[in-house]
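Chain residues, written in single-letter form:
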Amino acid sequence: MENKELIRMFRLTASLMELHDENPFKIRSYTSAVMVLERLEQPIHQMSQSQLEKLDGIGKGMAAKILEAVQTGSHADLNRLLETTPEGVVQMLSIKGIGPKKIKTIWKDLGVETIEGLREACEKNEISKLKGFGAKTQQTILEGLQYTEANKGKLLWAEAEPLALDLLQFLKNRPETASAEVVGEVRRNLETVETLQFLISLKEDSHWPAFLQELPGVTPLENLSGPFVWRGAHDASGVKLEVRLVPERRFANQVFLYSANPHWLGLPVNENGDTLMAEAYGEPAISEEEIFQRVSLPFIAPELRESARVLELAKENKLPALLTDADLKGTVHNHSTYSDGAHTLEQMAVHCQQLGYEYLGICDHSKSAYYANGLQEFRIKEQHKEIDRLNQELGPFKIFKGIESDILADGSLDYDPEVLASFDFIVASIHSNLKMDIIKATDRLLTAIANPYTTMLGHPTGRLLLRREGYPIDHKAVIDACAEHQVIIEINANPWRLDLDWRWVEYALSQNVLLSINPDAHSMRGYEDMRYGVLVGRKGGLTAEMTFNAKSREEVESYFAERKKAKGI
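These notes cover the structure that comes with them. In this text the structure is predicted, and so the values were computed from the model without any measurement.

**Let's talk about the overall build of the chain**
Item 1. Looking only at helices and strands, the chain has 24 helices and 14 strands in total.
Item 2. In terms of overall dimensions, the chain is globule-like: its C-alpha atoms have a radius of gyration of 26 Å, near the 25 Å expected for 569 residues.
Item 3. For the chain, the C-alpha atoms occupy an extent of roughly 70 × 65 × 55 Å along the three principal directions.
Item 4. Counting only residues that meet the buried cut, the chain has 53% of its 569 residues in that class.
Item 5. A total accessible area of about 25,700 Å² is found for the chain, and carbon and sulfur atoms account for 50% of it.

**Some thoughts on the state of the cysteines**
Item 1. The full count for this structure, using the stated rule, is 0 disulfides.
Item 2. Looking at the unpaired C363, the closest cysteine sulfur is the one in C352, lying at 12 Å.
Item 3. With no disulfide of its own, C482 lies 16 Å from the sulfur of C363, the closest cysteine sulfur.

**Some remarks on the side chain of N253**
Item 1. Mapped onto the elements, N253 comes out in helix 12 (residues 251–257).
Item 2. Among the polar contacts made by the side chain of N253, one reaches the main-chain carbonyl oxygen of A280 at a distance of 3.1 Å.
Item 3. With near-sequence residues (within four places) excluded, N253 lies in contact with E279, A280, G282, E283, P284, A285, I291 and R294.

**Topic: unusual backbone geometry**
Item 1. Of note, the bond from W208 into P209 is cis; its omega dihedral lies within 30 degrees of zero at -10°.
Item 2. Considering the arrangement of structural elements, one finds P209 in the loop between strand 4 (195–202) and strand 5 (218–220).
Item 3. That bond from G395 to P396 is cis: its omega, 10°, falls within 30 degrees of zero.
Item 4. Looking at the element boundaries, P396 is found in the loop between helix 18 (377–394) and strand 10 (398–406).
Item 5. For H333, which is not glycine, the phi dihedral falls at a positive 65°.
Item 6. Of note, H333 is situated in strand 8 (residues 330–334).
Item 7. With relative accessibility at 0%, the residue H333 sits in the buried group.
Item 8. Its identity is not glycine, yet D520 carries a phi of approximately 50°, on the positive side.
Item 9. Among the structural elements, D520 can be located in the loop between strand 14 (515–518) and helix 23 (530–539).

**A short note on the packing of helix 20 (residues 438–450) against helix 21 (residues 475–485)**
Item 1. Contact geometry of helix 20 with helix 21 gives a least axis separation of 9 Å together with a crossing angle of 10°. Here helix 20 is positioned roughly parallel relative to helix 21, judged by the angle of their axes. Side by side, helix 20 and helix 21 meet where T442, L445, L446, I449 and A450 of the first sit next to A477, V478, A481, C482 and H485 of the second.
Item 2. Partitioned by chemical class, the residues of the contact of helix 20 with helix 21 number 8 nonpolar, 2 polar and no charged.

**A look at the nonpolar core**
Item 1. By size, the foremost hydrophobic cluster in this structure holds 107 residues, and its most contacted members are L196, F198, I200, I399, L515, I517 and L542.
Item 2. Looking at this core element by element, the count peaks at 9 residues for helix 10 (residues 157–173).
Item 3. Beyond its immediate chain neighbours, meaning those up to four positions away, L542 contacts A321, L322, L323, I491, V505, L509, L515, I517, G537 and T547.
Item 4. Counting residues in each nonpolar core, the second largest holds 47 residues, with L55, I95, I127 and L142 among its members.

**Brief notes about the pairing of strand 11 (residues 425–429)**
The side chains of a regular strand alternate, residue by residue, between the two faces of the sheet.
Item 1. In terms of residue burial, strand 11 counts as a mostly covered element, since 5 of its 5 residues are buried.
Item 2. Alternating positions in strand 11 separate into two faces, F425, V427 and S429 on one and I426 and A428 on the other, with burial throughout.
Item 3. Sheet topology places strand 10 next to strand 11; 5 bridges connect them, and they run parallel. Across the sheet, G402 pairs through a bridge with F425, a residue of strand 11.
Item 4. Direction of pairing for strand 11 relative to strand 12 (residues 456–457): parallel, over a ladder of 2 bridges. For V427, the partnering residue across the bridge sits in strand 12 and is M456.
Item 5. Note on the crossover from strand 11 through helix 20 to strand 12: the handedness is right-handed.

**Structural notes on helix 9 (residues 135–150)**
Item 1. Its 16 residues place the ends of helix 9 22 Å apart at the C-alpha level, agreeing with the 22 Å of an ideal helix rising 1.5 Å per residue.
Item 2. Burial in helix 9 covers these residues: T137, Q138, T140, I141, L142, G144, L145 and Y147.

**A look at the pattern of salt bridges**
Item 1. Tallying each qualifying case throughout the model produces 35 salt bridges.
Item 2. In this structure, R531 engages E161 in a salt bridge whose closest nitrogen and oxygen atoms are separated by 2.4 Å. Here R531, found in helix 23, pairs with E161, found in helix 10; they are 370 residues apart in sequence, far enough to count as distant.
Item 3. Between K318 and E316 there is a salt bridge whose closest N-O contact spans 3.8 Å.

Definitions and cut-offs
- Residues numbered from 1 in each chain as written.
- Predicted model: local features only at pLDDT ≥ 70, side-chain atom pairs only at ≥ 80, totals over all residues.
- Heavy atoms only, no water.
- Helix = DSSP H or I, 4+ residues; strand = E, 2+ residues; numbered from the N terminus.
- Rg over C-alpha atoms; globule rule 2.2 N^0.38 Å.
- Buried < 20%, exposed > 50% of the residue type's maximum accessible area, 1.4 Å probe, protein only.
- Areas by Shrake-Rupley, 256 points an atom, 1.4 Å probe, with all protein chains shown as cover.
- Disulfide = S-S within 2.5 Å.
- Polar contact = N/O pair within 3.5 Å; in protein donor to acceptor, adjacent residues only side chain to side chain.
- Contact = heavy atoms within 4.5 Å.
- Axes fitted to C-alpha atoms, helices over the stretch in contact; angles between N-to-C directions.
- Parallel < 35°, antiparallel > 145°, perpendicular 65-115°, else oblique.
- Nonpolar A, V, L, I, M, F, W, Y, C, P; charged D, E, K, R; others polar.
- Core = buried A, V, L, I, M, F, W, Y, C linked by side-chain atoms within 4.5 Å.
- Pairing = 2+ DSSP bridges.
- Right-handed = clockwise from strand over helix to strand, strands pointing away.
- Expected span 1.5 Å × (residues − 1).
- Salt bridge = Lys/Arg side-chain N within 4 Å of Asp/Glu carboxyl O.

Written out as structure tokens, the structure is:
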């Protein structure tokens, strides 16, 4: 059992206990255990009970429950709670904007025990009449239900990739297989994935599709399948699967066809009106490169096969040299135990250095983020003293003094100017009052961007993919303002965010706005998310030249100093 599965299990246990009004001390023991487990880097299933008991916040009793969960896949408290809670009520716990106490009221006072019943109660205006609810809460619940339904069976790219690679390995290792490849949304690096698509050619077609019954953890959907297309669903996630049988001689053509936006394939590539779609259906090709050569175009990577602008650049032989993981020289926007991080500042710095980076930008939460142990002014001074000490010890590696300053409702930052001036740089982000229309949200961001202390704009829309929509913003106005005030925009690399959306990267680059691949790491493991930021940056055509943290330590230090001087700070 992986750490994240165990953490989800114990978080669910705490929510169910709250739902049933159980002993608050017992609830707290589970929530504390979750916080401890989130900070662990080593696999929990490899730890003994005595090792678990030595962890701060994990006593003998909780260590025993962890071992029970690892060994059996569950534990007694969770089993008891699930037995006394309708399945639909358990499902309600995953709806954004509604907690266990409100769910209990809906369940007990209205007798609603299913998601369908909850939706019906909202539509009949019954939820708003409950004590402590109101029309606004009812609308929030209804929107949450609609969003959950619309995203049912979808996965984050980061979740879909390992699953797709495992299934691809199964297909490639079959003795019947001549060629196999993953295509579609995964190959195009889309941020969310609804269908895992594969192409396969066989040495002998008579084996088709019988051997697919052996795909692990997959349910066939025979009513949706056809002579040359097998469809199924992954049992654990619900994501759709599609395996398409193609002739070996046309394998490259079909890989190309299913690795691009269909609209993009239909765009003319020359004055004759030729399209890549026509070439894909034309003569068999040895490779995708050959298909591009036929229309006198350089190879275009699958992640770029989206916009007309890319085709224009290809015609002019001006395709960008896309950003790579190796181009990144440092990582900014990271958290430590000074706020809500899992590891100390020193641990975060040393691990960052060990990964080969030249610098770390530490950006713990600011004081308005009280829920995340945001830094009061006196704690900022303590952190800065530690940074100075660590810079002496770890040099030439450097820790830059940053903060993720909350953008308040009026667009101001949540420290006085003299405090803001003590930092090397400031990431300004919205974390509260997320229910805004496009005018309110955009104005709030524009005010923050115009603040001379704002160095970088953090996760511009506040979205959590497949969990909640971001607040609506006028992307063009926000990007234009960043260009005017020389504010960097982050691509938050956390796979739940990937915000700035890749669809706006091209416009940001056209306005000469620097972008920064930021992991928003709350643990040492969080640095691994840098990869996902690079992937979506590449989709928008991001280059190392336009990536802030592709700059060297010396360049970043100079940038911060010169910017503060220019702003009169």
